[in-house]
Amino acid sequence: MPEQFPVVILISGGGSNLQAIIDAAQTDDLAIDIRAVISNVPEVHGLARAQKAGIPTEVIKHTDFTCREDFDAALQTAIDGYQPKLVILAGFMRLLSDDFVNHYRGRMLNIHPSLLPDFKGLNTHQRALEAYRAGTLTQHGGSVHFVTPDLDGGPVILRASVPVKDDDSPESLAARVLVREHQIYPLVIRWFAEGRLSLKDNQAIFDGQPLKQTLSFDDLAL
Ligand code: GAR
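Since this is a predicted model, take the numbers as computed values, not measurements.

Reading the values: the criteria
- Residues numbered from 1 in each chain as written.
- Predicted model: local features only at pLDDT ≥ 70, side-chain atom pairs only at ≥ 80, totals over all residues.
- Heavy atoms only, no water.
- Core = buried A, V, L, I, M, F, W, Y, C linked by side-chain atoms within 4.5 Å.
- Buried < 20%, exposed > 50% of the residue type's maximum accessible area, 1.4 Å probe, protein only.
- Helix = DSSP H or I, 4+ residues; strand = E, 2+ residues; numbered from the N terminus.
- Contact = heavy atoms within 4.5 Å.
- Near = heavy atom within 4 Å.
- Polar contact = N/O pair within 3.5 Å; in protein donor to acceptor, adjacent residues only side chain to side chain.
- Areas by Shrake-Rupley, 256 points an atom, 1.4 Å probe, with all protein chains shown as cover.
- 1 Å grid on protein atoms, 1.4 Å probe; cavity = no way out; pocket = protein on both sides within 12 Å on 5 of 7 lines; lining within 4 Å.
- Sits in = over half its atoms within 2 Å of the grid points.
- Nonpolar A, V, L, I, M, F, W, Y, C, P; charged D, E, K, R; others polar.
- Phe/Tyr/Trp six-rings, centres within 6.5 Å; stacked < 30°, edge-to-face > 60°.
- Lys NZ or Arg CZ within 6 Å of the ring centre and 35° of its normal.
- Points joined across faces, edges and corners; volume = space filled by probe spheres on them.

**A closer look at the nonpolar core**
General note: in soluble globular proteins, nonpolar side chains tend to be found buried as a group.
Right, on to step 1. By size, the foremost hydrophobic cluster in this structure holds 41 residues, and its most contacted members are Ile9 and Ile34.
Right, on to step 2. Per-element accounting of this core gives the leading share, seven residues, to helix 6 (residues 170-193).
Right, on to step 3. What Ile9 contacts, discounting residues up to four positions off in sequence, is Leu18, Ile21, Ile34, Ala36, Val37, Ile38, Ile88 and Ala90.
Right, on to step 4. In terms of nonpolar packing, the next biggest core, distinct from the first, is built from 19 residues, Ala36, Ala78, Tyr82 and Tyr104 among them.

**Points about the site of the ligand**
Right, on to step 1. Near the ligand, the surroundings consist of Gly14, Gly15, Ser16, Asn17, Gly91, Met93, Ile111, His112, Pro113, Leu178 and Glu181.
Right, on to step 2. Contact distances for the ligand include 2.6 Å between an oxygen atom and a side-chain N or O atom of Ser16.
Right, on to step 3. For the ligand, an oxygen atom lies 3.4 Å from a polar atom in the backbone of Ile111.
Right, on to step 4. For the ligand, the accessible surface in isolation is 450 Å², of which the surrounding protein chains cover 83%.
Right, on to step 5. Comparing atom positions with the cavity grids shows the ligand to sit within the largest pocket.
Right, on to step 6. Within the residue set of the shell around the ligand, elements represented by two or more residues are helix 1 (16-25), strand 5 (108-112) and helix 6.
Right, on to step 7. Its residues assigned to classes, the shell around the ligand shows four nonpolar, six polar and one charged.

**Considerations on the packing of aromatic side chains**
Right, on to step 1. Under the criterion given, the structure shown has five aromatic pairs.
Right, on to step 2. Measuring from ring centre to ring centre gives 4.6 Å for Trp191 and Phe206, while their planes differ by 55°; the resulting arrangement is tilted. Residue Trp191 is located in helix 6, and its partner Phe206 is located in strand 9 (residues 203-206); the two are separated by 15 residues in the primary sequence. Like Phe206, Trp191 is buried.
Right, on to step 3. An aromatic cluster of three or more residues is present, and its members are Phe5, Phe146 and Phe192.
Right, on to step 4. Over the ring of Phe71 we find Arg94, and its NZ or CZ is 5.7 Å from the ring centre.

**Considerations on the layout of surface pockets**
Think of a ball as big as a water molecule: rolled over the atoms, this probe shows where empty space is left.
Right, on to step 1. For the largest pocket, the calculated volume is near 870 Å³.
Right, on to step 2. The wall of the largest pocket is formed by 37 residues, among which Gly91, Phe92, Met93, Asn110 and Ile111 lie closest to the centre.
Right, on to step 3. The residue inventory of the lining of the largest pocket, partitioned by class, reads 16 nonpolar, 15 polar and six charged.
Right, on to step 4. Reported here for the second largest pocket is a volume of approximately 150 Å³.

The following block contains the structure:
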């Protein structure tokens, strides 16, 4: 059996994306070794999901540190102890310092609940709904991107869209988007683990070519 690609996953919450990655890793679809799941919030459901799958977990509470840099340094030491080739942010809700991000440059991915570059930052579903009601948006979705110091602004690799509906609430929209997130994240992780995806000079490279246009899950012939 080929050696599995080592990753560490960071979470802050329920971990449904983590579960999608765990599920894919338990099939032939995704040959990764999830060496650890680290949460900055204790007792979140994502930790239970990891434990159920037999994955080591750690909690590093940001509230135990007086400044962001100290928290990030402790997090970096913990991550590097597992020697991952990829760090996966899966609902990790902390801003990260430039030093931390640059340490993992080209080997850290994030999933964001919007069709980037729309709606960087927080409350994406509420903002998408407001745009829909203002008549300036019909589609919402999720995006997987490389993490760079530009918050939610690193090169976007793959997006998947959902329609917005008249009777949507932020919660119903979030649930629809999550279904698509669970499809796109394991796929992008697989591309990275297979060596098909990399970052060079702030440009995503896919199958040896600069990714000039963000890929759309709906357009992929899978
Ligand atoms: C997901 O929608 C993810 O895109 C979002 O948090 C949710 C986590 O859900 N991430 C961010 O907003 C990052 N800024 P999950 O814990 O069920 O995977």
